[in-house]
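# Close look at the chain arrangement
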Amino acid sequence: MKELIFALILFLFSSAGALTLREAEELAVKNYPELKTLELQSESSRIKAKSIKLSRFGEIDLNAKLSDFNRNYMLVPMSHLPNPQNSPPFDSKTFSYGISYSMPLYLGGNISRQVKIAELQAEILKNLKTATEWQVKYNVDALYLNYLSLSETERALKSYRESLLKLQEDVKAGIKAGKFAKVDLLKVEYSVEDVQSKIDEIKAKKSAIITALETLIGKKIDKLEPVEVNYQEKNYSLEKLYSELLRRNHFLRVKEKEIKVSLKEIETEKGKYGLKIKLDALYARNYGFDSEENEGYGTVTLNFQLPVFEFGRKKYDILSAKLKKLSKEKEFDKVKRELKRELAETIADLNSIQYDIKALQKKLELAKEVERIEKLKYESGKGDMDHLLLAKAKRFLTEAELSASYYRWESTLRRINALLEVER
């Protein structure tokens, strides 16, 4: 019982501070700068839509103007015939101040269209953020699982090295007894050095992966927690998964909404050249420096504007907007095809890995048996050291390849889930 408690404490202590795959994904989503950038841009567009909505209520301005004329002018427009008893003031220098209000009554429906465009832009950026989150999480998964795959290969190579070192001691004892040749010892020592170089190479690759992971999650990594791979062979249908992808993938939603924006932009270009109605109101006072009079006046103006000739700009603006819409439709079709191709390739990769796993499982069984036989033959003096070393290499490398294949399978499966945007 004491041994069990001690083992449990030791396990918990060794696991303390280790980063899990789920935690790595969450940290990447939280800390990756591009995701925060997209979130802020989306919020900016959403707030811009509110500003455009309020523009329909117009604008109130305070006005002031200082004027110096080359002749005397009346302070305000003449409202009655002048007479000697009540002559209007004339001044060459005036100071005007007042308040004005301008409100668009009708701009061809462009205010509501601009609001919708800003709202769609906010949705586009929000969807792009979601799509990027899935890509970032998969990047984390791929690096994390690749690290574990290399760790399994390293573990197998270290076991191989330990086996070689044990064999080295056996050969040394055999040489002393006159049973084995000295050249056999050299062959074993060469194999030990070869395996050690492979182990050092894997350590360098693991270090590079840790650096890449730290860049993604924005945190120093001390240790990665192992991931349990529950291998179950999958048999996916491309058409079924592609149908699910079309329904769920947020990058496609981005392209769909870009087409909607381009439609609104066509309508906006047409509205620019339609009827516009604006209301302008002004109350101002003019002070004359010569007469020292301070006269007030007000105006209310209803402005109607209808372009009748714009030198062909309307045609070209609308054509430009239509071509932009067409390009967005082509881009949407391109993305659908690329996603289908990527999904098909990933399913093919998954099937290939599953075939490899079947073959490696059988190959490992055979490699273990061959190693056992070659060891017995060598110890009995009927075998050859080269054959034994080759058998050992095949057994340990097959074991490493099989372990790595399980992680490749898990990584490929997560790529399919990332395309479909479903949790593993």
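One can find the structure itself at the top, above this paragraph.
Okay, so let's go over this structure. A quick note: this is a predicted structure, and the numbers were derived from the prediction, not measured. (Residues numbered from 1 in each chain as written. Predicted model: local features only at pLDDT ≥ 70, side-chain atom pairs only at ≥ 80, totals over all residues. Heavy atoms only, no water.)

This next bit is on the packing of helix H6 (residues 238–248) against helix H7 (residues 250–272). Direction vectors running N to C along H6 and H7 enclose 55°, while the axes themselves pass 6 Å from each other. By the angle between their directions, the pair H6 and H7 is classed as oblique. Here Leu245, Leu246, Arg247 and Arg248 of H6 lie close against H7, whose contacting residues are His250, Leu252 and Arg253. (Axes fitted to C-alpha atoms, helices over the stretch in contact; angles between N-to-C directions. Helix = DSSP H or I, 4+ residues; strand = E, 2+ residues; numbered from the N terminus. Parallel < 35°, antiparallel > 145°, perpendicular 65-115°, else oblique. Contact = heavy atoms within 4.5 Å.)

The subject of this paragraph is the environment of Pro88. Mapped onto the fold, Pro88 is located in the loop between strand S1 (59–74) and strand S2 (90–106). What makes Pro88 partly exposed here is its relative accessible area of 22%. When the C-alpha positions of Pro88 and Leu54 are compared, they lie 42 Å apart, and in sequence the two are 34 residues distant. (Buried < 20%, exposed > 50% of the residue type's maximum accessible area, 1.4 Å probe, protein only.)

Here the focus is a nonpolar patch on the surface. On the surface, Leu105, Tyr106, Leu275, Leu302, Phe304, Leu306, Val308, Phe309 and Phe311 cluster together into a nonpolar patch covering about 1000 Å² of accessible area. Those elements that place two or more of their residues in the nonpolar patch are S2 and strand S4 (294–305). Residue position: Phe304 is located in strand S4. (Patch = residues over 30% accessible without salt bridge, like charges linked within 9 Å, V, L, I, M, F, W, Y side chains within 5 Å. Areas by Shrake-Rupley, 256 points an atom, 1.4 Å probe, with all protein chains shown as cover. Salt bridge = Lys/Arg side-chain N within 4 Å of Asp/Glu carboxyl O.)

Once that is clear, we can look at the pairing of S4. By the bridge criterion, 12 bridges tie strand S3 (residues 276–288) to S4 in an arrangement that is antiparallel. Following the sheet pairing, Leu279 is matched in S4 by Leu302. Connecting S3 to the antiparallel partner S4 that follows it, the hairpin turn spans five residues, and Glu292 within it adopts a positive phi of roughly 60°. (Pairing = 2+ DSSP bridges.)

Below, the discussion takes up the sheet that holds S4. The strand order across the open sheet formed by four strands is S1-S2-S3-S4, and the pairing between neighbours is antiparallel. Of all strands in the sheet, those bounded by a partner on one side alone are S1 and S4. Pairs of neighbouring strands in the sheet enclose a mean axial angle of 25°, with direction left out of account.

For the structure shown, the criterion picks out 36 salt bridges. Linking Arg22 and Glu423 is a salt bridge whose minimum nitrogen-to-oxygen distance equals 3.4 Å. Of the two residues, Arg22 is situated in helix H2 (residues 21–31) and Glu423 in the segment after helix H9 (385–420); the sequence distance between them amounts to 401 residues. Here Lys158 ties to Glu154 by a salt bridge, and the two come within 3.3 Å at their closest N and O atoms. Taken together, the residues span about one helical turn, with Lys158 and Glu154 both in helix H4 (residues 110–176) at a distance of four residues. On the basis of relative accessibility, which here comes to 6%, the residue Glu154 falls in the buried class.

Turning to the pairing of S2, a few remarks are in order. Here S1 pairs with S2 via 12 bridges, running antiparallel. Across the sheet, residue Leu66 finds its bridge partner in S2, namely Phe95. Note that S2 and S3 share 12 bridges and pair antiparallel. Within the sheet, the bridge partner assigned to Pro104 lies in S3 and is Lys278.

Moving on: H6. Among all positions in H6, only Leu241, Tyr242 and Leu245 are buried. Each buried residue of H6 sits inside an arc of 100° when the element is viewed along its axis, so together they form one side. Residues Lys240 and Arg247 are exposed on H6 and point more than 90 degrees away from its buried face. (Arc of directions from axis to C-beta.)

This part is about the side chain of Asn286. Its place among the elements puts Asn286 in strand S3. A polar atom in the side chain of Asn286 sits 2.5 Å from the side chain of Ser96. Residues contacting Asn286, with those up to four places away along its chain left out, are Leu75, Val76, Phe95, Ser96, Glu293, Asn294, Glu295 and Tyr297. (Polar contact = N/O pair within 3.5 Å; in protein donor to acceptor, adjacent residues only side chain to side chain.)

So, about the packing of aromatic side chains. By convention here, two paired aromatic rings are described through the distance between centres and the angle between planes. Summed over the entire model, instances satisfying the criterion amount to five aromatic pairs. Among the aromatic side chains, those forming a connected cluster through ring pairs are Tyr231, Tyr406 and Trp409. Positioned above the aromatic ring of Trp134, the side-chain terminus of Lys137 is 4.0 Å from the ring centre. Above the face of the Tyr138 ring, Arg415 is positioned so that its terminal group lies 5.0 Å from the ring centre. (Phe/Tyr/Trp six-rings, centres within 6.5 Å; stacked < 30°, edge-to-face > 60°. Lys NZ or Arg CZ within 6 Å of the ring centre and 35° of its normal.)

The nonpolar side chains of a soluble globular protein tend to be buried, and buried together. Residues Leu19, Val140, Tyr144, Leu148, Ile217, Ile221 and Leu224 are the most contacted members of the largest nonpolar core, which totals 34 residues. Listed by contribution, the elements that provide at least two residues to this core are H2, H4, helix H5 (182–217) and H9. No other element matches the 12 residues that H4 contributes to this core. Excluding anything up to four places from it in sequence, Val140 contacts Leu21, Ala24, Glu25, Ala28, Leu213 and Leu216. (Core = buried A, V, L, I, M, F, W, Y, C linked by side-chain atoms within 4.5 Å.)

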